[in-house]
There are 2 protein chains.
Amino acid sequence: MKIAILGYGNIGRAAEEAIKAAPDMELAGIYHHNEINDQMVNDQMVNDLDVVLICTPTREVQKFATVLAARGICTVDSFDIHGQIWSLRSALDPVCQTNKAVSIISAGWDPGSDSMVRALLMAMAPKGLTYTNFGPGRSMGHTVAAKAIKGVKNALSMTIPLGTGIHRRMVYIELEEGVDFKAVEAAILADDYFAHDETHVIPVESIDALNNVAHGVNLVRNGVSGETHNQRFEFNMAINNPALTGQVMVSCARAAVRMKKRGEYSAKTMIELRPIDLLPGTTEELVKALV
Amino acid sequence: MKIAILGYGNIGRAAEEAIKAAPDMELAGIYHHNEINDQMVNDQMVNDLDVVLICTPTREVQKFATVLAARGICTVDSFDIHGQIWSLRSALDPVCQTNKAVSIISAGWDPGSDSMVRALLMAMAPKGLTYTNFGPGRSMGHTVAAKAIKGVKNALSMTIPLGTGIHRRMVYIELEEGVDFKAVEAAILADDYFAHDETHVIPVESIDALNNVAHGVNLVRNGVSGETHNQRFEFNMAINNPALTGQVMVSCARAAVRMKKRGEYSAKTMIELRPIDLLPGTTEELVKALV
């Protein structure tokens, strides 16, 4: 399988490592995302590609996925705006069907592998509550919101899980020279990103010194199987965030190639994929090893 | 969907409850498994069935699944002899393809939902070790082995997880009158079922007083995503065993009906199923709720 990477930030670099570690894949190219219009779309080379991993900022995913699917090239992205996933899938699905491509969208860990776990737990205990608790780890959205506050030179917002889907925000900030900490703290606490959660603002000398791409999840369900209550399930992980996202995208690229071979032209989320399609090896090998 | 139950022990009863709790299913009949030859195969009524859940002892699964698939009726079973799953799948698959049926095999929690988790974790961190730790809960195989020892009136063998896939066996026994405990204990410890694990034999007045269908799993993977080591994952559950098995079978019945509608005639294990197919509702509803 010939896999290319579009966008070469943290996720793109992690995807590169995962492709190189895969026994059945070849890295066919790395495209910086400003090259898409002139180079990628017109270059004859890309006609040979099996899959392009779209590792650009999430808001640019739809544009690139549409262009590639229209040329019959499969894509995988880790689009992560939960409220817009169905809309992305609806836009890409007909393009894939018409042009014989497969697009696997929102393929990361949440949305992504966590979504598969949530679906499986729902099938095991259809009634009940699932809580997805995130962290400890950096929230990109909250970090960007804190950086946008006047007087903040650099920021890091950590998400701390408090259980039942409630989170604490630990906001570390580097102040611009001469700025009053109390005023900046008040502005952060009043911001809509932070106003609804327990938030602590902490001044630090260097955000760079705190840099860490670790993240985690504690996903809990207590539910009912048939008429039997108190069926308890828990999924935990403590991971390097871009490494896991890149790996999940690469595993989904394998699924895209197999689905295309079977003529399953469509845009799909991870809960619509067969787990076996994510893995190298034959059906016999995988059933014997994993079932 | 019209679902029938073949075999009415613990699992059959749990499956009945799960069918009745499902918004999209109708219980179309319960067959005791000694009725299969005269009643089930010849009775015209069963031509209306969408799926038969095979809740018989595991060694009778293949016989019944083959007869039903040959008539184009979908089946779900929870066949649990890990070393023979591929052989069962290989035998049923051509029967399903020829007669336009879908058979979902080994649909319980292990094999079953645990298999899906193992496959997903392998996709998230392809290199590394997964340990499946079972219990605390009753082991059917070990209980039967203990009951077969001379002088044992009744027995219960509990599996206790010690981590890294190592288990302790706590064997509770009710002795026949006048039997020497030490001799029975020695015979149990020498039995091949127990000789390789840490085993404790404990005489009790009443096995019935210890009866409990609780079980558990602690499934752990520490692996490598791309080139990043120490990616840590854990799946835990503490459940009522027959209730979960019955529920998983019923959720898989839904998948069987959908796969048959799409013409995917085949025998499949759970790692070959799409999680979304296990759940009631439309694709749009499920993607919006779970992804």
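Just so it is clear, the model here is predicted, and its values are computed rather than measured.

Colleague: Just give me the short version of the overall build of chain A, but keep the residues and values in it.
Modeller: Each helix and strand in chain A was counted, giving nine helices and 13 strands. Taking 2.2 N^0.38 as the reference for a compact globule, 291 residues should give roughly 19 Å; the C-alpha atoms of chain A span a radius of gyration of 21 Å, in line with that estimate. The principal-axis extents of the C-alpha atoms in chain A amount to approximately 60 × 60 × 35 Å. Counting across all 291 residues of chain A, residues that qualify as buried make up 54%.

Colleague: Tell me what's going on with the pattern of salt bridges, and back it up with residues and numbers.
Modeller: All names here are of chain A. Applying the stated rule across the entire model yields 26 salt bridges over all chains. Among the ionic pairs, Lys182 bridges to Glu185, the shortest N-O distance being 3.3 Å. Of this pair, Lys182 and Glu185 both sit in helix 7 (residues 181-190), three residues apart, which is roughly one turn of that helix. What makes Glu185 buried here is its relative accessible area of 17%.

Colleague: Quick one: what's the story with the packing of helix 1 (residues 10-21) of chain A against helix 8 (residues 241-261) of chain A, residue by residue and with numbers?
Modeller: Residues and elements named next belong to chain A. The N-to-C vectors of helix 1 and helix 8 enclose an angle of 55 degrees; their axes lie 7 Å apart at closest approach. Comparing the axis directions of helix 1 and helix 8 gives the class oblique. Our pair here, helix 1 against helix 8, has a crossing hand that is right-handed. Counting all contacts with helix 1, which are made through Asn10, Ile11, Ala14, Ala15, Ala18 and Ile19, the residues of helix 8 involved are Pro242, Ala243, Thr245, Gly246, Gln247, Met249 and Val250. Here the contact of helix 1 with helix 8 is built from residues that sort into nine nonpolar, four polar and no charged.

Colleague: For the sheet that holds strand 4 (residues 74-77) of chain B, give the residues involved together with the corresponding values.
Modeller: Residue and element names in this part refer to chain B. One open sheet holds the six strands; their spatial order is 2-1-3-4-5-13, and the pairing between them is parallel. One side of each edge strand has no neighbouring strand; the edge strands of this open sheet are strand 2 (26-31) and strand 13 (266-268). The average angle at which neighbouring strand axes cross in this sheet is 15 degrees, direction not considered. Here helix 3 (residues 61-70) sits on the sheet in contact with strand 1 (2-6), strand 3 (51-54), strand 4 and strand 5 (102-104), set at roughly 175 degrees to strand 3.

Colleague: Give a detailed account of the nonpolar core, specifying residues and quantitative values.
Modeller: Counting residues in each nonpolar core, the largest one holds 148 residues, and the members touching the most others are A:Leu53, A:Ile104, B:Leu53 and B:Ile104. Ignoring sequence-local partners within four residues, the contact set of B:Leu53 consists of B:Ile3, B:Ala4, B:Ile5, B:Leu6, B:Ala15, B:Ile19, B:Val76, B:Met249, B:Val250 and B:Ala253.

Colleague: Tell me about the relation of the copies chain A and chain B, and name the residues and values.
Modeller: The two copies are related by a screw motion: chain A maps onto chain B through a turn of 180 degrees and a shift of 0.0 Å along the axis, at an RMSD of 0.0 Å. Taken together, the rotation and translation relating the two chain copies correspond to the operation of a two-fold axis. Taken as a fraction of all interface residues of chain A, those also at the interface in chain B reach 100%, which identifies the copy contact as same-surface.

Colleague: Can you tell me about the sheet that holds strand 7 (residues 137-138) of chain B, naming the residues and giving the values?
Modeller: Residues and elements named next belong to chain B. The mixed open sheet is built from four strands, whose spatial order is 7-8-9-10. Edge strands, defined here as strands with exactly one partner in the open sheet, are strand 7 and strand 10 (198-203). Where strand 7 and strand 8 (residues 152-161) come together, two bridges link them in antiparallel fashion. Bridge assignment links Arg138 to a residue of strand 8, and that residue is Met158.

Colleague: Lay out the interface of chain A and chain B with the relevant residues and their values.
Modeller: The extent of an interface is frequently quoted as the accessible surface area lost upon association of the parts. Listed as interface residues are 61 residues of chain A and, on the opposing side, 61 residues of chain B. Surface buried jointly by chain A and chain B totals about 5300 Å² across both partners, of which 68% is contributed by carbon and sulfur atoms. Three residues stand out in chain A for area buried against chain B, namely A:Trp86, A:Leu290 and A:Val291, and they jointly supply 14% of the buried area on that side. One can count zero salt bridges joining chain A with chain B. Linking chain A with chain B are 20 residue pairs in polar contact (both at pLDDT 80 or more), by the criterion used here. Those elements that provide at least two residues to the side of chain A that touches chain B are helix 1, helix 4 (85-99), helix 5 (113-124), strand 11 (214-225), strand 12 (228-240), helix 8 and helix 9 (283-290) of chain A. Classifying every residue of the side of chain A that touches chain B by side-chain character gives 34 nonpolar, 15 polar and twelve charged. Looking at chain direction, strand 12 of chain A and strand 12 (residues 228-240) of chain B are connected through seven bridges and run antiparallel. Bridge pairing links A:Glu234 to B:Asn236 in strand 12 of chain B.

Colleague: Which residues make up the packing of aromatic side chains, and what values go with them?
Modeller: Residues and elements named next belong to chain A. This model, assessed by the stated rule, comprises two aromatic pairs over all chains. An angle of 50 degrees between the planes, with centres 6.4 Å apart, marks the rings of Trp109 and Phe134 as tilted. One end of the pair, Trp109, is in the loop between strand 5 (102-104) and helix 5; the other, Phe134, is in strand 6 (residues 127-134), and 25 residues separate them in sequence. The class of Trp109 is buried, set by a relative accessible area of 8%. For Phe134, a relative accessible area of 24% puts it in the partly exposed group.

Colleague: Account for the confidence of the model for chain A, naming residues and giving values.
Modeller: Interpretation of the predicted coordinates at a detailed level should be avoided for regions scoring low in pLDDT. On average, residues of chain A score 95 in pLDDT, and 97% of them reach the 70 mark or higher. Overall fold confidence for the complex sits at a pTM of 0.96, while the interface term, ipTM, reaches 0.96.

Colleague: Which residues make up the pairing of strand 8 of chain B, and what are the values?
Modeller: Residue and element names in this part refer to chain B. Judged by how many residues are buried, strand 8 sits mostly within the fold: seven of ten residues are covered. With nine bridges connecting them, strand 8 and strand 9 (residues 167-175) associate as antiparallel partners. From the neighbouring strand, Thr159 faces strand 9, where its bridge partner is Arg169. The antiparallel hairpin formed by strand 8 and strand 9 contains five residues in its connecting segment, where Gly163 sits at a positive phi of about 90 degrees.

Colleague: Please provide a residue-by-residue account of the packing of helix 3 (residues 61-70) of chain A against helix 4 of chain A, values included.
Modeller: Residues and elements named next belong to chain A. Their axes nearest at 8 Å, the elements helix 3 and helix 4 cross at an angle of 15 degrees. It follows that helix 3 is roughly parallel to helix 4 by the angle criterion. Every pair of crossing elements has a handedness; the one defined by helix 3 and helix 4 is left-handed. Side by side, helix 3 and helix 4 meet where Val61, Gln62, Ala65, Thr66, Ala69 and Ala70 of the first sit next to Leu88, Ala91, Leu92, Val95, Cys96 and Asn99 of the second. Residue composition of the contact of helix 3 with helix 4, by class: nine nonpolar, three polar and no charged.

Colleague: Go over the environment of B:Leu290, please, and point to the residues and values.
Modeller: Position of B:Leu290 among the secondary structure elements: in helix 9 (residues 283-290). Not counting residues up to four positions away in its chain, the partners in contact with B:Leu290 are A:Ser115, A:Arg118, A:Ala119, A:Met122, A:Ile271 and B:Leu279.

Conventions and cut-offs
- Residues numbered from 1 in each chain as written.
- Chains lettered and ligands numbered in written order.
- Predicted model: local features only at pLDDT ≥ 70, side-chain atom pairs only at ≥ 80, totals over all residues.
- Heavy atoms only, no water.
- Helix = DSSP H or I, 4+ residues; strand = E, 2+ residues; numbered from the N terminus.
- Rg over C-alpha atoms; globule rule 2.2 N^0.38 Å.
- Buried < 20%, exposed > 50% of the residue type's maximum accessible area, 1.4 Å probe, protein only.
- Salt bridge = Lys/Arg side-chain N within 4 Å of Asp/Glu carboxyl O.
- Axes fitted to C-alpha atoms, helices over the stretch in contact; angles between N-to-C directions.
- Parallel < 35°, antiparallel > 145°, perpendicular 65-115°, else oblique.
- Left-handed = near helix turned anticlockwise from the far one by under 90°.
- Contact = heavy atoms within 4.5 Å.
- Nonpolar A, V, L, I, M, F, W, Y, C, P; charged D, E, K, R; others polar.
- Pairing = 2+ DSSP bridges.
- Core = buried A, V, L, I, M, F, W, Y, C linked by side-chain atoms within 4.5 Å.
- Least-squares fit on C-alpha atoms with pLDDT ≥ 70 in both.
- Buried area = accessible area lost by both parts, 1.4 Å probe.
- Polar contact = N/O pair within 3.5 Å; in protein donor to acceptor, adjacent residues only side chain to side chain.
- Phe/Tyr/Trp six-rings, centres within 6.5 Å; stacked < 30°, edge-to-face > 60°.
- pLDDT = per-residue confidence, 0-100.

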